[in-house]
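# A structural walkthrough
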There are 6 protein chains.
Amino acid sequence: MPSTMRTRHREFLREDIGSGDITSELVVPADAMAKGTIAAKEDCVLAGVSDAAAVFEELGAEAVVLVEDGSHVKAGQKVLAVSGTARSLLAGERLALNLVMRMSGIATLTDELVTKARKSNPNVRVAATRKTTPGFREFEKRAVVLGGGDPHRFGLDDAILIKDNHIRIAGGVEEALRRAKRSSFTKKVEIEVENERDALLAVEGGADIVMLDNFSPEEAKRLHDKVKALRPGVLVEVSGRVRPENIEAYAPAADIVSVGYITHSARSVDFSMTIEGA
Amino acid sequence: MPSTMRTRHREFLREDIGSGDITSELVVPADAMAKGTIAAKEDCVLAGVSDAAAVFEELGAEAVVLVEDGSHVKAGQKVLAVSGTARSLLAGERLALNLVMRMSGIATLTDELVTKARKSNPNVRVAATRKTTPGFREFEKRAVVLGGGDPHRFGLDDAILIKDNHIRIAGGVEEALRRAKRSSFTKKVEIEVENERDALLAVEGGADIVMLDNFSPEEAKRLHDKVKALRPGVLVEVSGRVRPENIEAYAPAADIVSVGYITHSARSVDFSMTIEGA
Amino acid sequence: MPSTMRTRHREFLREDIGSGDITSELVVPADAMAKGTIAAKEDCVLAGVSDAAAVFEELGAEAVVLVEDGSHVKAGQKVLAVSGTARSLLAGERLALNLVMRMSGIATLTDELVTKARKSNPNVRVAATRKTTPGFREFEKRAVVLGGGDPHRFGLDDAILIKDNHIRIAGGVEEALRRAKRSSFTKKVEIEVENERDALLAVEGGADIVMLDNFSPEEAKRLHDKVKALRPGVLVEVSGRVRPENIEAYAPAADIVSVGYITHSARSVDFSMTIEGA
Amino acid sequence: MPSTMRTRHREFLREDIGSGDITSELVVPADAMAKGTIAAKEDCVLAGVSDAAAVFEELGAEAVVLVEDGSHVKAGQKVLAVSGTARSLLAGERLALNLVMRMSGIATLTDELVTKARKSNPNVRVAATRKTTPGFREFEKRAVVLGGGDPHRFGLDDAILIKDNHIRIAGGVEEALRRAKRSSFTKKVEIEVENERDALLAVEGGADIVMLDNFSPEEAKRLHDKVKALRPGVLVEVSGRVRPENIEAYAPAADIVSVGYITHSARSVDFSMTIEGA
Amino acid sequence: MPSTMRTRHREFLREDIGSGDITSELVVPADAMAKGTIAAKEDCVLAGVSDAAAVFEELGAEAVVLVEDGSHVKAGQKVLAVSGTARSLLAGERLALNLVMRMSGIATLTDELVTKARKSNPNVRVAATRKTTPGFREFEKRAVVLGGGDPHRFGLDDAILIKDNHIRIAGGVEEALRRAKRSSFTKKVEIEVENERDALLAVEGGADIVMLDNFSPEEAKRLHDKVKALRPGVLVEVSGRVRPENIEAYAPAADIVSVGYITHSARSVDFSMTIEGA
Amino acid sequence: MPSTMRTRHREFLREDIGSGDITSELVVPADAMAKGTIAAKEDCVLAGVSDAAAVFEELGAEAVVLVEDGSHVKAGQKVLAVSGTARSLLAGERLALNLVMRMSGIATLTDELVTKARKSNPNVRVAATRKTTPGFREFEKRAVVLGGGDPHRFGLDDAILIKDNHIRIAGGVEEALRRAKRSSFTKKVEIEVENERDALLAVEGGADIVMLDNFSPEEAKRLHDKVKALRPGVLVEVSGRVRPENIEAYAPAADIVSVGYITHSARSVDFSMTIEGA
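Residues numbered from 1 in each chain as written. Chains lettered and ligands numbered in written order. Predicted model: local features only at pLDDT ≥ 70, side-chain atom pairs only at ≥ 80, totals over all residues. Heavy atoms only, no water.

### A closer look at the overall build of chain A
Secondary structure summary: chain A contains 11 helices and 12 strands in total. For chain A, the spread of C-alpha atoms along the three principal axes comes to 70 × 35 × 25 Å. Looking at chain A as a whole, 64% of its 278 residues are labelled buried. Counting only contacts in chain A whose residues sit at least 6 apart along the sequence, the fraction spanning at least 24 positions is 71%. Counting every atom, chain A has about 9800 Å² of accessible surface; 49% of that belongs to carbon and sulfur. Both charge centroids of chain A, one from 38 positive and one from 42 negative side chains, sit 4 Å from each other. (Helix = DSSP H or I, 4+ residues; strand = E, 2+ residues; numbered from the N terminus. Buried < 20%, exposed > 50% of the residue type's maximum accessible area, 1.4 Å probe, protein only. Contact = heavy atoms within 4.5 Å. Areas by Shrake-Rupley, 256 points an atom, 1.4 Å probe, with all protein chains shown as cover. Lys, Arg positive; Asp, Glu negative; His and termini not counted. Charge placed at Lys NZ, Arg CZ, Asp CG, Glu CD.)

Now the structure itself:
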């Protein structure tokens, strides 16, 4: 665990524990020892178990990861074993579960979308967006990767992504791209386009990635083929109207399909923790 | 906005912007001015618009809240107007939307559950749990309140809540309650029970709130009535198997129904932002 | 020690050490080892020794707590033994003593007040207030608990406490209570009253705790009895003119007597640290 | 107010307010305006009123300092006037009072000691020590200065102060001083001595300040005169057994008298705040 | 100024001011007003003047930028005018100068190298490395950009750069590249090579950028041409033995020349600040 | 390593690593172990090796310091050996080298200046100034000390230093000194003078240190002798036009020669790190 991650875990613990776990301090003797396990209650792709382990270690308990992040897990399967003072297990329980439940929810949904998309395009990538929970992005992006997805940009400092508003203010695709190409040579330049003309201008203007926004699967596919004919190395990203039910239709039109609700609308996967005296 | 909230907004901006919005810095002139509005794309209960306003103000733009948090909003309705440099609007857009979309998602789901539950028990409260996104709890709890729900405990330092593991370690309901009553007189003592015997011991032991965990609606109702007969002032919370489809059945058995997925599985409500030159 | 506490200890060390202990760096060889003990110079109730131990551990030394926090200690009694580099012991000495001296001062004063108050009412609690040193509240509240007192609210987010100004702005006790009862069901509602009429309205309005502010012991007792007759479960807190010399007189009128100067005017208990070569 | 101070005020507010002032949020309308004044309830030397003003400004209220820090104030005198939302005044009230009450307590005690000490030595300084409340030192040192005292070292990085343990580890006064003189030329070197021999060695060794620890007033005076005869420029600090009742006796033996309980055992001065609708 | 930058400025002020500017607090009346200007003492490319302005604004003074960052400035030219309390100007003076002097030093050196390199290759970019002062990277990278250079990667999370150690551990260029291509599609993949064979493998393996490390100008040029013949779109970066005296020789072999000492060995440009009574 | 230093190291790692070392995460197996050594590529005075060790330890690797900070090191000499996961070594490499290269650059330059200055005045001290890299001062001051120099003031809260602007605002040397002498007795008072009259007033006014600013070596020497004749205990600091080529000429005129470019214009010393499989 890098130290930045530990800092975040500590912040999360502080959020939950505040000035102290007053119930355990009153009810549980300081020296009572306990063991616990976290198990999945649904089939899923596991994510966050390494974070859960780190949470318990931060509290002074020992944790053994039984199944690695990224694995397919069956309902009932145990994924983490912990031991330490009963107080430390009780103090970490909720945060550990919150991490595993949310991250596994995202990883599992990602895996489902990847599976669907690859039926029609075995090389396609399914990417997340910046539609993440404020303050929790690094965990959600990691869950996407564990589910087989692509994290896309982490933030605004990460890659150039020219959107409709940028194009309008710059006065067109060509001028926007011209300005963007002044960026560091280490950055890719992506541009979002809404019609064929702009897509072709984008390729000519040297974009590394062209994002087709809000096209039908057929229009997207047609444009994808035109763009690739013009410059085979350009990447095509499709975005905007993609849903689980149509991702298979969109996939042939894209190198990458990006989907906001992988992060903004994934439901949690259920996990439970059992604790018993050591 | 209290200063602690502003601190969180700044952290969220740092997460998204990092060392700088490199696209806008290249493509958008520093002195280009713009106006923008955020509008709902679905009917919902609005939450997070005051946070969205604060985000733009933090970036030096002006923001006018058009609809107050907690209001019922129709698809298409504008909720926030902002003006300032185009760069500030572009830098705040994603975070502002992320806040409004997630918080409105939670507020809207809460409102739905409250409406359903009150059909069968007009006085019942629908409460959240601690199953929140790590680091984002204060926003999610606030969204619950804006949707008409009860935030429940904020964290482990907030109220005494004796759970099954505490009872087991203490050696029973009576002993656990006896220890818990040593807490500050300012704290309520709640205890989770799984059978009738423990429920009755809890009331006798002086619990302020008895949580009935994982009962059927009928069992819960029967126990609720017994408990209330024993001590009318005790509050009964029902938890554990509640779903939108059965909350109406559970409500008569409870003063409070608590539901984890209000926070852990709410989907986002869709909002969009339009930006145009000033 | 929870990690939030360690964070505070680190902040305190930074306050005292700043960019370095320049005297020890010049005068004491880096590899000189030493042992030390902290001993009380007065009879007292010990508080802060676990913090003192943590301070030395934070600096890389080993610490053995000889007497647990909350114990009655005699003048001359050793409470902590430490060993490590001489530099670490010298760097932690002042902070460790400051913690033990102040916290034991508060714990000892609390214990004295509890003893006095219980002469006339064996069930009474002696509670602190929010009149604490800014930034040091969690330590002072903990010292109160170690001295046998009740910490009362930790802060404004902790419990509802309706004061005179709230009542005035709301337009009376009834309306203030009505509004306050909209709070989460997990919170108790306390209200401060200055006359009999308001006290009775408070009980009728459903207050969990009624605080009698600035009454004489006799008036307080009379009102206490009226209030309890109306609703036996209501708690009565007496506050405002309580001093060590009259707390015995006030105690029969109260479930809780709260006293600001437990925290705002306790004098330190004297402790000293001896260090010798290992 | 320097920004570091504002940071501390914000931390103090966070400590008191936490996730929100739940009473005012329920009972006081968001748009209710109010005015308030803080007044002394005892004669004192005022300290902390500028901090109190800054606290209310941090909360969005306006504050007018009526009496400057460091002034002698009479019981009943108003020292600060504030206006703003009722919520902001209620949220800042306790912290503002805690700051003024504690800091004025220290300033007033300092002023008393200075007055006593200067009866017998009009040029003497009364200095604080590092026996301060952890985390609150800068405020306590400032209060000492406002009361006419000398703050002494702020922390271990501030000046060289060789204590008994340093001397022992170094193997004597001469060697300890020799090592200490390697410090930056910008630092003064002070040394604590417990007998005449060491005091004279200290002067010969080039100490800027000699601290006489735990001497009687007569012994201290005799040694003071010897030391000054040896090198008139050396400063003599007396420490260790000084109390209000003997500070007048010690003062002639010293350039500086340092007293730990100025900070560790000062009682608070009483202030109150009145709030009324605007 | 984005808020993250302001946070850094505040940290820098805290470093310099600590608990207070004790000289000014003693010597300069709180209400003394002053004006000041910062002027260059050498010809240079200006960088950091916007930071200097922000520093004074943070201290409550007003600042007017007279020459924009990135401009060529002559010795004697005034670049910033400030006005406010004398204390605020004195408190900000050193930090403001330190920022301008260091950042202008880097911008000026970058400009010199760019000018030299473009004599032989008008399209070449001169890039910085990660050899920056710990904690000050964002300022140094910005200075490089202001001097006409390319910032290169900000950090390890920014772009894929496969170095010799990575290649060795992976077991060769092909395997290292194969693994690296699993990265997000938004990231470019750069690889450092030390011989022709690896360079050609790198191009075939799909690297976006090939870094030629420690070649002579002639070898680099020869390899550059081979690599470009193989795939014209690949970028060639030359690194490792580049000095001001040979950058003109290296430039024809590269799209980008990267030079560590732009940041690690630039000397400061001299600036001075004059302050006078307002 | 004090904990404040570890906090800085962590901040530096976060600057470089951000959300993760994406290259190593892709290319280097998590369980690959490695060993590494850092070696000097030039003769130098070593500084920062203890920091480099702490950086690797922070990342979970083991580090053995082979040569202590402050030692004279030959080109090729190994100074640090590390072992751990290959990822931890790769993640720490750049920061460790940046620390050692910059700090050794400063220490080596300081050592050169001290050697030159002491040819003509064996007792002279060479001091740094506050012309340091923002945010990195404690490391640069430490490097100065390791090179045999004097760190001078750490910041504005550290010692009284009355500069020309202070004198002007106060209305002359005498009044400025009179005000400054109200400072804590623990602080030295230094004053910067630009002519003989002020220098003599400074000595008479009781300054501990007189700084001769911008004098020629001859004028400085003449004034130094006058000042010392007046009061032998006063320290004389020479500043302002000192360069490596004239420091030997200035040294006889001073107790201390202070030189800004020790910190603001030192070039880095070259070090390299080799890593190989364990």
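Don't stop here, the text continues.
### Considerations on the relation of the copies chain B and chain A
For these two chains of identical sequence, chain B goes onto chain A by a turn of 180 degrees and a shift of 0.0 Å along the axis, with RMSD 0.0 Å. What we have between these two chains is a two-fold relation. Relative to the rotation axis, the closest C-alpha in chain B is found at G135 of chain B, a distance of 3.2 Å. With an isologous cut-off of 70% or more, the 100% of interface residues of chain B that recur at the interface of chain A puts this contact in the isologous class. (Least-squares fit on C-alpha atoms with pLDDT ≥ 70 in both.)

### Observations regarding the interface of chain B and chain A
At the interface, 65 residues of chain B touch 65 residues of chain A. When chain B packs against chain A, the two sides together hide about 5200 Å² of surface, and 57% of this comes from carbon and sulfur. Together, E15, P134 and L156 of chain B form the three largest contributors to the area buried by chain B at its contact with chain A, with a combined 14%. In this structure, D16 of chain B engages R137 of chain A in a salt bridge whose closest nitrogen and oxygen atoms are separated by 2.5 Å. Taken together, the connections running from chain B to chain A amount to 38 residue pairs in polar contact (both at pLDDT 80 or more). (Buried area = accessible area lost by both parts, 1.4 Å probe. Salt bridge = Lys/Arg side-chain N within 4 Å of Asp/Glu carboxyl O. Polar contact = N/O pair within 3.5 Å; in protein donor to acceptor, adjacent residues only side chain to side chain.)

### Here we look at the sheet that holds strand β12 (residues 271-277) of chain E
All names here are of chain E. Spatially, four strands are ordered β3-β5-β1-β12 in an open sheet, and the strand pairing comes out antiparallel. Strand pairing shows two members of the sheet lacking a second neighbour, β3 (62-65) and β12, which therefore form its edges. The average angle at which neighbouring strand axes cross in this sheet is 15 degrees, direction not considered. Bridge count for strand β1 (residues 33-40) against β12 is seven bridges, and the pairing is antiparallel. Paired with A34 across the bridge in β12 is G277. Helix α3 (residues 49-58) rests against β1, β3, β5 (78-85) and β12 of the sheet, and its axis sits at about 5 degrees to β5. The sheet contacts of helix α4 (residues 86-120) involve β1, β5 and β12, and relative to β12 the element is tilted by about 165 degrees. (Pairing = 2+ DSSP bridges. Axes fitted to C-alpha atoms, helices over the stretch in contact; angles between N-to-C directions.)

### Some points on the pairing of strand β8 (residues 189-193) of chain A
Residue and element names in this part refer to chain A. Of all five residues making up β8, five are buried, and the element is well covered by its neighbours. Along β8, one buried face is formed by V189, I191 and V193 and the opposite face, lined by E190 and E192, is buried too. In this sheet, β8 lies alongside strand β7 (residues 160-162) in parallel orientation, the contact comprising three bridges. From the neighbouring strand, I160 faces β8, where its bridge partner is V189. Regarding the hand of the β-α-β motif, the stretch spanning β8, helix α8 (residues 196-204) and strand β9 (residues 209-213) is right-handed. (Right-handed = clockwise from strand over helix to strand, strands pointing away.)

### Some words on unusual backbone geometry
At N214 of chain B, a residue that is not glycine, the phi angle is positive and equals roughly 65 degrees. For N214 of chain B, a relative accessible area of 37% translates into the label partly exposed.

### Side note on the packing of helix α7 (residues 173-180) of chain B against helix α8 (residues 196-204) of chain B
Residues and elements named next belong to chain B. At their nearest, the axes of α7 and α8 sit 9 Å apart, and the two run at 30 degrees to each other. The angle between α7 and α8 falls in the class roughly parallel. Two packed elements cross with a definite hand, and for α7 against α8 that hand is right-handed. Where α7 abuts α8, its residues V173, E174 and L177 lie against D198, L201 and A202. Here the contact of α7 with α8 is composed, by residue class, of four nonpolar, no polar and two charged. (Parallel < 35°, antiparallel > 145°, perpendicular 65-115°, else oblique. Left-handed = near helix turned anticlockwise from the far one by under 90°. Nonpolar A, V, L, I, M, F, W, Y, C, P; charged D, E, K, R; others polar.)

### Regarding helix α9 (residues 217-230) of chain A
Residues and elements named next belong to chain A. The end-to-end C-alpha distance of α9, which contains 14 residues, comes to 20 Å, matching closely the 20 Å that a straight helix rising 1.5 Å per residue would cover. What α9 keeps buried is the set P217, A220, L223, H224, V227 and K228. Buried residues of α9 fall within an arc of 135 degrees about the axis and therefore sit on the same side. Among the exposed residues of α9, those pointing more than 90 degrees away from its buried face are E218 and A229. Where the residues of α9 are buried, they touch α8, β9, β10 (235-239) and α10 (247-250). (Expected span 1.5 Å × (residues − 1). Arc of directions from axis to C-beta.)

### Examining the packing of α8 of chain A against α9 of chain A
Residue and element names in this part refer to chain A. Contact geometry of α8 with α9 gives a least axis separation of 10 Å together with a crossing angle of 25 degrees. In terms of orientation, α8 and α9 fall into the roughly parallel class. Our pair here, α8 against α9, has a crossing hand that is right-handed. Taking contact as the criterion, the partners of E196, A199, L200, V203 and E204 in α8 are, on α9, R222, L223, K226, V227 and L230. In terms of residue class, the contact of α8 with α9 is made up of six nonpolar, no polar and four charged.

### Description of the pairing of strand β1 (residues 33-40) of chain B
Residues and elements named next belong to chain B. Within β1, six of the eight residues are buried, which leaves the element mostly enclosed by the surrounding structure. Sheet analysis places β1 next to strand β5 (residues 78-85), joined by seven bridges and oriented antiparallel. Residue pairing in the sheet places A39 in a bridge with K78 of β5.

Limitation: the analysis is restricted to geometry and does not speak to function.
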